[in-house]
Amino acid sequence: MTTTVVHVMRHGEVFNPSGVLYGRLPGFHLSDAGHGMAATAADWFAQRPPITHLVASPLQRAQETAAPIATALDLPIATDERLIEAGNSFEGQTFGVGDGALKHPANWWRLRNPWTPSWGEPYTEIAGRMTGAVHAARDAARGSAAVCVSHQLPIWTLRLNAEGRSYLHDPRKRQCGLASVTSFTFEDDRLARVDYAEPAGPAGKGTVGGA
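For the structure given in this document, a descriptive report is provided here. Values in this document were obtained by computation on a predicted structure and should not be read as measured data. Residue positions are given per chain, counting from 1 as you read along its sequence in written order. With pLDDT at 70 or above as the cut-off, local features in this predicted model cover only qualifying residues; side-chain atom pairs require 80 or more to be listed or tallied, and sums for whole chains, interfaces and linings still use all residues. Derived side-chain values reflect all non-hydrogen atoms in the structure, with water molecules and hydrogen atoms excluded from consideration.

### Examining the overall build of the protein
Working step 1: Put simply, DSSP H or I for four residues or longer makes a helix, DSSP E for two residues or longer makes a strand, and each gets a number counted from the N terminus. The helix and strand tally for the protein stands at 4 helices and 6 strands.
Working step 2: The secondary structure elements of the protein, listed N-terminal to C-terminal, are β-α-β-α-β-α-β-α-β-β.
Working step 3: Only protein chains enter the accessibility calculation, which uses a 1.4 Å probe; a residue whose area is less than 20% of its type maximum is buried, one above 50% is exposed, and one in between is partly exposed. Buried positions account for 48% of the 211 residues belonging to the protein.
Working step 4: Only heavy atoms matter for contacts: two residues are in contact if any of them lie within 4.5 Å across the pair. Long-range pairs, those at least 24 residues apart, make up 70% of the contacts in the protein with a sequence separation of at least 6.
Working step 5: Working definition of accessibility: Shrake-Rupley area with a 1.4 Å probe, residue cover restricted to the visible protein chains. Summed over all atoms, the accessible surface of the protein reaches about 9,400 Å², with 55% contributed by carbon and sulfur.

### Let's talk about the packing of helix α1 (residues 32-46) against helix α2 (residues 60-73)
Working step 1: Viewed as axis vectors pointing N to C, α1 and α2 meet at an angle of 35°, and their least axial separation amounts to 8 Å. At the point where α1 passes α2, the crossing takes the right-handed sense. Across the interface between the two elements, H35, A38, A39, A42, F45 and A46 from α1 touch E64, T65, P68, I69, A72 and L73 from α2.
Working step 2: Think of it as three bins: nonpolar holds Ala, Val, Leu, Ile, Met, Phe, Trp, Tyr, Cys and Pro, charged holds Asp, Glu, Lys and Arg, and polar takes everything else, Gly as well. Of the residues contributing to the contact of α1 with α2, the split by class is 9 nonpolar, 2 polar and 1 charged. Where helices are involved, their axes are fitted lines through C-alpha atoms of the stretch in contact, as for all axes, and angles between N-to-C directions lie from 0 to 180°. Should the near helix be turned anticlockwise from the far one by less than a right angle, the crossing is left-handed, and should it be turned clockwise, the crossing is right-handed.

### As for the environment of L73
Working step 1: Within the secondary structure, L73 is located in helix α2.
Working step 2: A residue is classified by how much of its surface remains accessible, and L73, at 19% relative accessible area, is buried.
Working step 3: When the C-alpha positions of L73 and T52 are compared, they lie 8.2 Å apart, and in sequence the two are 21 residues distant.
Working step 4: Those residues in contact with L73 that lie beyond four places of it in its chain are F45, A46 and I51.

### Observations regarding α1
Working step 1: For a helix, the expected span equals 1.5 Å multiplied by the residue count minus one. For α1, with 15 residues, the first-to-last C-alpha span of 21 Å sits near the 21 Å given by 1.5 Å per residue.
Working step 2: Within α1, burial applies to G34, M37, A38, A41, A42, W44 and F45. Down the axis, α1 shows its buried residues gathered within 160° of arc, on one side only.
Working step 3: Those residues of α1 that are buried are in contact with β1 (3-10), β2 (51-56), α2, β4 (145-150), β5 (181-187) and β6 (190-197). In this description, one arc is meant: the one made by directions from the helix axis to the C-beta atoms.

### Focus: the pattern of salt bridges
Working step 1: By salt bridge we mean one thing: a side-chain nitrogen of Lys or Arg within 4 Å of a carboxyl oxygen of Asp or Glu. In total, this model carries 13 salt bridges according to the counting rule given.
Working step 2: Put simply, R142 and D139 hold a salt bridge, and the shortest N to O gap is 2.6 Å.
Working step 3: With a relative accessible area of 41%, D139 lands in the partly exposed category.
Working step 4: The salt bridge involving E187 is made with R190; its shortest N-O contact spans 2.6 Å.
Working step 5: Accessibility expressed as a relative area gives 27% for E187, which makes it partly exposed.
Working step 6: Looking at R190, the relative accessible area reads 48%, which means it is partly exposed.
Working step 7: Within this structure, R138, D139, R142 and D189 form a network of salt bridges that share partners.

This is how it looks when you write it as structure tokens:
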């Protein structure tokens, strides 16, 4: 039996002074604290069992998070579009009832179905592409370990799917803090275990912007 681990990491804190839902928008990079989180995580990975494959979402914040890991492990960064942030129709707006998008009744129809969800990329599609990316990383690192750098909602959706849980959830209760690592251990091709760690400390369950 061959054991392979795929560590799926959320990127570090993003510089977002205007507090918008940045989603897939370009130009959102890590804050100073985010760079520190990425460096701390790189040190943590360097102490794990051998990691032979590193892949990241194409978005800048994920690539910047992967950079110190690449240096620490002497690995190139592959890019997989399937690891990208979830699509969201509120992208580029602030989100809230006071001065955000929800103060406009015309936007309320987007929230009509939390099961899909009606405001963005369907959970089933997120789970499908993320599962495909993790399986590809597993195959590339067969017998060792891989790191995939992605975003909060895609990682959490992947975990819900892997554990057979409902996609309907409270975003404030996602176990997926900044720079956290959700690890999927495979025995051959079978998922045997899911673990969670916060190498950079309890950085929070979520930030404005999505993540």
